[in-house]
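Per-entry structural report
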Amino acid sequence: MWMWSYRRILRISWTDRVTNVEVLRRMGKQLDIVRDIKIRKLTYLGHIMRGPKYMILHLIIQDFCDFAVNVDAWLENVLLIVKNSMLRAKSMIDIYLTAHNVGLQIFGNRDVKLPEMQMSYDNMMLFFLPGHNNDGSKVAIFKPLSSERGDHLDLVSTIKRCVMHLDLCLKEGVDFSSLHIIIDASSVKLAHLVAAFNPQGVRALTLCMKAYPVRVAQVNVVNVTPNIERMVAFFRPFISAKIMSRVVVHREPQILFKDISKKTLPKDYGGDGPSLEELNVMSQQQLASEKKYFELCDSWKTDEKKRVGKSQYTNAELSDIGSFRQLSVD
């Protein structure tokens, strides 16, 4: 439609053999197909979400208006996370809202001043680095702090902090193509690994990955000890080749420069960015300033009694750890 308007403005007859590229050149415009597709998909997503199946989304939109959050930007960020797939966008919104019902430990009491959250900050550094890699990816750092006891590692509180950062991305903008994760294993002990693989933490991590399907491009494990290297080698045959191909183990953090921009990395790894301690404090202050927004997000829950049809997510996938699974016996 807009190309037809340009031709009318330039007084180009339909019999003239003038290409669209030439029309755009004369108008001083550029053809942005990707942007046009995103706008059309966003418009269509907003249209289908107005049906009775997505009544909960109507309430969210109203909350956004009351909280001065840009609804179109939030929906566009959902599309960016799922690589502009309409089907995956609907699925993500569904599981995102359903997860608020079953994942109360993750999507509740998200206040960094609570004792369990303070303990998480004392025992784990976790934050997104400012800026981006050359490939447009974002970098997240996980570093367990020195501790004699592995039970100090609360994986649920750690995942809750991850979710808070991802919720901020949905509000402020998904401006990255994928995630690069750095795990600093300098203080990791066997007790930390045992605590990390408890059933409750694994369930919370699974729920988070379904609600926020962000692509992880690579996992870099740095400052590894010989014991950690032996454990990685032991588990390698039991993990899919696709996942293990994205896990890279480094003894020296300087090797990170191959994959991550030096401007992005903290001083502790030889980069030009702030120190790990400074970034950890900045992250805590940022999450503390968004307390009301997190309370708003935590209030969004689905009412399964009003769902039209069955949920595509089974009770076994989203039920609490320790509950009995219903078995069908012939």
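None of these values were measured; they are calculated from a predicted model.

1. Let's talk about the packing of helix H8 (residues 155–172) against helix H14 (residues 291–298)
Between H8 and H14, whose axes approach to 11 Å, the crossing angle comes to 95°. In terms of orientation, H8 and H14 fall into the roughly perpendicular class. Taking contact as the criterion, the partners of Met164, Asp167, Leu168 and Lys171 in H8 are, on H14, Tyr293, Phe294 and Cys297. For the contact of H8 with H14, the per-class residue count stands at 5 nonpolar, no polar and 2 charged.

2. Considering the packing of helix H5 (residues 71–81) against H8
What describes two packed helices is the angle between their axes and the distance between those same axes. In the contact formed by H5 and H8, the axes pass within 7 Å of each other and the chain directions differ by 120°. Put simply, H5 runs oblique to H8. Within the contact between the two elements, H5 uses Ala73, Trp74, Asn77, Val78 and Ile81 and H8 uses Cys169, Leu170, Lys171 and Glu172. Class assignment for the residues of the contact of H5 with H8 results in 6 nonpolar, 1 polar and 2 charged.

3. Quick look at the sheet that holds strand S4 (residues 216–222)
Taking strand neighbours across the sheet as the criterion, the 5 strands line up as S1-S2-S3-S4-S5 in an open arrangement whose pairing is mixed. Of all strands in the sheet, those bounded by a partner on one side alone are strand S1 (124–128) and strand S5 (247–249). In this sheet, neighbouring strand axes are inclined to one another by 15° on average, regardless of whether the strands run parallel or antiparallel. Judged from the 6 bridges that link them, strand S3 (residues 179–184) and S4 form a sheet pairing that is parallel. Across the sheet, residue Leu179 finds its bridge partner in S4, namely Val216. Sheet strands in contact with helix H7 (residues 115–123) are S1 and strand S2 (138–144), and its direction is about 90° off that of S1. H8 rests against S1 and S2 of the sheet, and its axis sits at about 15° to S1.

Rules and cut-offs
Residues numbered from 1 in each chain as written. Predicted model: local features only at pLDDT ≥ 70, side-chain atom pairs only at ≥ 80, totals over all residues. Heavy atoms only, no water. Axes fitted to C-alpha atoms, helices over the stretch in contact; angles between N-to-C directions. Helix = DSSP H or I, 4+ residues; strand = E, 2+ residues; numbered from the N terminus. Parallel < 35°, antiparallel > 145°, perpendicular 65-115°, else oblique. Contact = heavy atoms within 4.5 Å. Nonpolar A, V, L, I, M, F, W, Y, C, P; charged D, E, K, R; others polar. Pairing = 2+ DSSP bridges.

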